[in-house]
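Analysis of the macromolecular model
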Number of protein chains: 2
Amino acid sequence: MGRRNQSVTISHVAADAGVSLQTVSRVINNEPNVRPEMKARVQASIEKLHYVPSIAAQRMSGSRSYLILVINDRERTIAEWRARRGADWVDQMLLGGMLTSAEHGYRMIFELVDTHNDHVERELSGTIAALQPDGIILTPPHSENPLITNLLDQRNIPFARIGSLTPGSGFAIHMGDAGSAAQATQHLIGLGHKRIGFIAGALDYNLSHWRVDGWRQAMAQAGLSDADLCVQGDFSYESGREAATALLNLTPAPTAIIASNDQMALATLDIANERNLLVPQDLSLISFDNTPVVRFTTPQLTAIDQPIAATFSKAVELLIHQATSPSEQPYLVPGSLVERASTAPPKA
Amino acid sequence: MGRRNQSVTISHVAADAGVSLQTVSRVINNEPNVRPEMKARVQASIEKLHYVPSIAAQRMSGSRSYLILVINDRERTIAEWRARRGADWVDQMLLGGMLTSAEHGYRMIFELVDTHNDHVERELSGTIAALQPDGIILTPPHSENPLITNLLDQRNIPFARIGSLTPGSGFAIHMGDAGSAAQATQHLIGLGHKRIGFIAGALDYNLSHWRVDGWRQAMAQAGLSDADLCVQGDFSYESGREAATALLNLTPAPTAIIASNDQMALATLDIANERNLLVPQDLSLISFDNTPVVRFTTPQLTAIDQPIAATFSKAVELLIHQATSPSEQPYLVPGSLVERASTAPPKA
DNA sequence: CTTCGGCATGCAATCGATTGAAAGTTGCTT
DNA sequence: AAGCAACTTTCAATCGATTGCATGCCGAAG
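Definitions and limits used
- Residues numbered from 1 in each chain as written.
- Chains lettered and ligands numbered in written order.
- Predicted model: local features only at pLDDT ≥ 70, side-chain atom pairs only at ≥ 80, totals over all residues.
- Heavy atoms only, no water.
- Pairing = 2+ DSSP bridges.
- Helix = DSSP H or I, 4+ residues; strand = E, 2+ residues; numbered from the N terminus.
- Axes fitted to C-alpha atoms, helices over the stretch in contact; angles between N-to-C directions.
- Contact = heavy atoms within 4.5 Å.
- Domains from an automatic or database assignment.
- Buried area = accessible area lost by both parts, 1.4 Å probe.
- Salt bridge = Lys/Arg side-chain N within 4 Å of Asp/Glu carboxyl O.
- Polar contact = N/O pair within 3.5 Å; in protein donor to acceptor, adjacent residues only side chain to side chain.
- Nonpolar A, V, L, I, M, F, W, Y, C, P; charged D, E, K, R; others polar.
- Near = heavy atom within 4 Å.
- Buried < 20%, exposed > 50% of the residue type's maximum accessible area, 1.4 Å probe, protein only.
- Least-squares fit on C-alpha atoms with pLDDT ≥ 70 in both.

**A word on the sheet that holds strand β6 (residues 196-200) of chain A**
Residues and elements named next belong to chain A. Taken together, the six strands give an open sheet; going across it, the order is β7-β6-β8-β9-β10-β12, and neighbouring strands pair in mixed fashion. Whereas interior strands pair on both sides, the edge strands pair on one side only; in this sheet they are β7 (230-232) and β12 (336-338). The sheet shows a mean angle of 20° between the axes of neighbouring strands, direction not considered. Seen against the sheet, helix α10 (residues 206-221) touches β6, β7, β8 (256-259) and β9 (284-289) and runs at an angle of roughly 165° to β6.

Spelled out as structure tokens, the structure:
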């Protein structure tokens, strides 16, 4: 409401340096054709007056907005969000993305969009109109939603897709989920396990499929059967309990289980305890995510670390530099197996 | 760079509805003096064209920016950040604040500012000039930094101070740290404990002092001595180990310990295990924060839950509604004791 | 029947930056 | 010494909204 704006503008700088606005603008944006002497004088004034350009004004005049939008799936409640994702995801996403953005003078804004909504485009479209971000980062399960990617293509806004393999438009970045699952499986096979159960994640996340695939391939490669050994979960603790129960009710029961996230692994651990199964002696356990919790369970869990912060950092850099080396697509920021105390050879 | 901007503007709406821009602007901002019939016609056009006002333009013309800035302390690395704060803080801050902001059409932007920097004002001042936020949320230890609050006062930007008791300018919101500490202490006293140790948090956070005070008062009230029983930590796991060691080396050793955050409580639990002390039989343990980890330790930890999401939600609402009921200051969003399995009567 | 106040709407200036074209400088060629 | 290109700097329009002021319309009061 007509709040008096006492901030320093480009014309104050111009006046102070005794040049026109346009020259100042050139200096700010590092454009050519400015005499070094002039440039120095302007920079001195900028420094002296602590001038910082207004992002709103820059955006208005058709330049950048220095804003990067991160699209996350909206859960109905905070509890639900955390149940499915674990706190760590947000933490790393925020810090990884934010630090890198800040380095380049950009800021990040988070937006929640409901996948199961017919108006995704409308909703996103409105956000874009309001914010006019320079780039957008899509997180699963939005990363491969054609409604969204088409919209972005059409609007010509650069975007990155986290957890995506399909090259196509936008930068696809993934963490080698299939490879990681295979690595975990091979680790268990190496220890002598033959019946290795797998708890899959929610199917609207493509990475859930990739993880299953990796496990399946590793099993096949070792000549082991995977029949009945894959049970469906949805990343929640509760679904993990059900899946673990189903797996351990099989005869013969698996001697090892890989869970598609930490929450489901924790559930599996609890089920094992309730059945008086010792981990790792009676049951080996490997999880995906490697959030801080897994270091405080008994035993500490062997897990596939997901480099989320690094992934967001990469996404931000790609967007800002508008990289264009389509040969590299999809970009890989690989996960890695962190060995702790939840795996051992099966009992003879 | 002169990217063609194909978005719908206010004049498109005006043309479609057959009225002037100003009328459309009035309708958007719910101003009086518009005939209902006219208002309906304009709203129909807005709906039809999917018009959404550009925030940059709104900000430019002296209105709101619909941006709320959250200032956090910058740690040197992500690991350091997480060590001191635990992942959950970020998660709840983001979700609590974001959901509430979104409800009112606002967005949040996070900014890291280095406390130990002489140029705090300069840095913050630049961010404000660039973003021109409608409100700012200060988190500890910035909440009571006079350099910052003075700057904000002077610029006349509404702000909230999380974890602050001092009324003064801006909205002070706290979680009743002293009361919570007292509650935890009384809980232990009720169980029969007489020697209750306390691990304090980093002293540049005021809430660290309040927690110590609460414990001290509860001890005094029960006629118990607190001599030597308070040891300094800095919220990190490592400092927790040292503090716990110091406390358990006392003779007689405390039979219960309250840690100022979960990280230090986890460290205490580890130290107890290493010394073959059973929790809770030999040592009762209560922590602050109640992050998800404490449900997965053995035993599960009794903890003071800190309603961070609710606090941020409150902060956002105060800022947006520009509430002015100074009588209520400071606002309280109280923590609560969550009883789990880490406390028991002391051995006879 | 004129006039005045209140409500509804339109005109034009404004916010702070960018940008393409115009104007002014410089220096080199012929 | 005049002509012209290349480089610097300035002028003026523009982005999309808000806002104070002017204007038009209405009915009620004088």
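Once the structure has been displayed, the description carries forward.
**Remarks on the domain arrangement of chain A**
In many reports, interface size means the accessible area that the parts give up when they come together. All names here are of chain A. Here chain A is described as being made up of domain 1 (10-53), domain 2 (67-175 + 309-332) and domain 3 (177-306). On a C-alpha basis, the centres of domain 2 and domain 3 stand 28 Å from each other. If you look at the interface, domain 2 gives 15 residues, while domain 3 gives 16 residues. Across the domain 2 to domain 3 interface the summed buried area is about 1,300 Å²; carbon plus sulfur atoms make up 51%. Along the contact surface separating domain 2 from domain 3 lie zero salt bridges. Our count for the domain 2 to domain 3 interface comes out at one residue pair in polar contact (both at pLDDT 80 or more). Classifying every residue of the side of domain 2 that touches domain 3 by side-chain character gives five nonpolar, four polar and six charged.

**A look at the interface of chain A and chain B**
With 56 residues of chain A at the contact, the number on the chain B side is 56 residues. Taking both partners together, chain A and chain B bury about 5,000 Å²; carbon and sulfur atoms supply 63% of that area. Run the count over chain A and chain B and you get four salt bridges. Across the pair E47 of chain B and R122 of chain A runs a salt bridge, and its minimum N-O distance is 3.8 Å.

**Concerning the protein's contact with DNA strand D**
Taken together, 27 residues lie near DNA strand D, and S20, Q22 and R35 of chain A together with I10 and S25 of chain B sit nearest. In DNA strand D, atoms within 4 Å of the protein come from the sugar-phosphate backbone in 61% of cases. At a separation of 3.3 Å, a base oxygen of DNA strand D approaches a polar side-chain atom of R26 of chain A. Secondary-structure elements contributing two or more residues to the surface near DNA strand D are α2 (21-28) of chain A together with α2 (21-28) and α4 (55-60) of chain B. For the surface near DNA strand D, the residue count by class is ten nonpolar, 14 polar and three charged.

**With respect to the pairing of strand β6 (residues 196-200) of chain B**
Residue and element names in this part refer to chain B. Among the five residues of β6, five are classified as buried, and the element is accordingly described as predominantly covered. Side-chain alternation along β6 places I196, F198 and A200 on one buried face and G197 and I199 on a second face that is also buried. With four bridges connecting them, β6 and strand β8 (residues 256-259) associate as parallel partners. Along β8, the bridge assignment pairs I196 with A256.

**Topic: the relation of the copies chain A and chain B**
For the pair of chain copies, the relating transformation is a rotation about an axis with a translation along it. Take chain A, turn it by 180°, move it 0.1 Å along the axis, and it overlays chain B with an RMSD of 0.1 Å. Taken together, the rotation angle and the small translation identify this as a two-fold axis. Residues of chain A ranked by C-alpha distance from the rotation axis are headed by A56 of chain A, positioned 2.2 Å from it. Of the residues that chain A buries at the interface, 100% are likewise interface residues in chain B, meaning the two copies contact each other through the same surface.

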